[in-house]
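Residues per chain, in single letters:
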Amino acid sequence: DVVVKVARPTQKEHQLFRPGQTIFSFLHLQVASPDTYEALHEREITAVAYEMIRDEEGLFPVLLPMSAVAGRLAPIIAGQLLMNINGGRGTLLSGIPGVTRGSVVVVGAGVLGKNAVRAFLGIGAQVIVMDSNLGKLECIDDLTKGRVTTMLATQHNLDRISEFSDVLIGAIQKPGRRAERIITRDMVRRMRPGSVILDFSIDDGGCTETSRPTTLRDPIYVADEVIHYCVPNTPAAVARTTSYGLTNALQPYLEALGKTGIIGLIERMPGFAAGINLYQGNLVQPEIANALGREVTSVPWGGQ
């Protein structure tokens, strides 16, 4: 009756749907193939997207541990890709006495970006973080006691950073919306050969014009002489830690669902409603409806 997954259902799994089921997973329907929505709609599935569930403070409690894992993995991945044997510039992010450190730019100061900044700073890299929200930059500045450079993500500043960064991290997260492609191909072309882009926004379509999804088995490709890493489910690389983190976040919702059903769960935890993309096959999430160019349906718990 209730299916709990990680990735959204595959095309082969669509034929296994039963009317009335509730499916939990990372859905990202705004960038999924149209057949995913059609299958959920036709089989009258209640589809819950982990990445859109909110808590009382408006945060994303299920997405949070996944973002933390991805951010903390970033220097491990980037450090490997910068090695000459992998086609990188041959830069050691920490540097050594007398030799400059690697330069890392993190675009996006949310949970993923904050964890990436902390991790890169921990290994001794030179770190710059960019965001359009000044409050988030102030938070990063306080957290790191001024040890990182903060910049507003203006077009001028984005153009500047592409010329000197060894590693560029795309950490823009706006659940329910397609990622804005703020890193243009021209910026990528200005990056130095062998530098690295980790586009962690690829779950929502990517924030770089040159990005396309890759897999953990074949995670990179080179475009304009820059190494691109665009794996949608990077936390799966450390599946044990990730599984515990995901389960810790999901357990309260699943227990409440078993006791009270969907409507009772929403009454107890109103922010859960934001994660329901389809209810009994009907599209009820306004942001997803807008992204898909479809109309939203009224819901039994009131409002839209």
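Bear in mind the structure is a predicted one, so any value in this text is a computation, not a measurement.

Conventions we followed
Residues numbered from 1 in each chain as written. Predicted model: local features only at pLDDT ≥ 70, side-chain atom pairs only at ≥ 80, totals over all residues. Heavy atoms only, no water. Helix = DSSP H or I, 4+ residues; strand = E, 2+ residues; numbered from the N terminus. Salt bridge = Lys/Arg side-chain N within 4 Å of Asp/Glu carboxyl O. Buried < 20%, exposed > 50% of the residue type's maximum accessible area, 1.4 Å probe, protein only. Phe/Tyr/Trp six-rings, centres within 6.5 Å; stacked < 30°, edge-to-face > 60°. Right-handed = clockwise from strand over helix to strand, strands pointing away. Axes fitted to C-alpha atoms, helices over the stretch in contact; angles between N-to-C directions. Parallel < 35°, antiparallel > 145°, perpendicular 65-115°, else oblique. Left-handed = near helix turned anticlockwise from the far one by under 90°. Contact = heavy atoms within 4.5 Å. Nonpolar A, V, L, I, M, F, W, Y, C, P; charged D, E, K, R; others polar.

Description of unusual backbone geometry
Of note, H28 is a non-glycine position whose phi angle comes to about 50 degrees, a positive value. Along the polypeptide, H28 turns up in the loop between β2 (22–26) and α2 (34–42).

What to know about the pattern of salt bridges
Per the stated rule, a full pass over the model turns up 11 salt bridges. In this structure, D1 engages R18 in a salt bridge whose closest nitrogen and oxygen atoms are separated by 3.7 Å. On the criterion of sequence distance, the pair formed by D1 in the segment before β1 (2–7) and R18 in the loop between α1 (11–14) and β2 is long-range, its members being 17 residues apart. Looking at D1, the relative accessible area reads 68%, which means it is exposed. Overlapping salt bridges bring together R185, D186, R189 and D224 as one network.

Describing the packing of aromatic side chains
In the structure shown here, the tally under the stated rule is 6 aromatic pairs. Ring geometry for Y279 against W301: centres 5.3 Å apart, planes inclined by 85 degrees, an arrangement best described as edge-to-face. Taken together, the positions of Y279 in strand β11 (residues 276–279) and W301 in the segment after α9 (286–292) put the pair 22 residues apart, joining distant regions of the chain. When its relative accessible area of 14% is taken as the criterion, Y279 is described as buried. With a relative accessible area of 23%, W301 lands in the partly exposed category.

Quick word on the pairing of strand β8 (residues 196–199)
Because side chains alternate across β8, one face comprises the buried residues V196 and L198, and the other comprises I197 and D199, equally buried. Between the parallel pair strand β7 (residues 167–170) and β8, the chain is carried across by helix α7 (residues 185–190), and the sense of this crossover is right-handed.

Examining the packing of helix α3 (residues 63–81) against helix α8 (residues 239–268)
Between α3 and α8, whose axes approach to 8 Å, the crossing angle comes to 160 degrees. With respect to α8, the element α3 is oriented roughly antiparallel. Considering how the two elements wind past one another, α3 and α8 form a crossing that is right-handed. Contacts from P65, M66 and V69 of α3 reach α8 at T242, G245, L246 and A249. For the contact of α3 with α8, the residue count by class is 5 nonpolar, 2 polar and no charged.

Everything listed here is a matter of geometry and, on its own, says nothing about what the molecule does.
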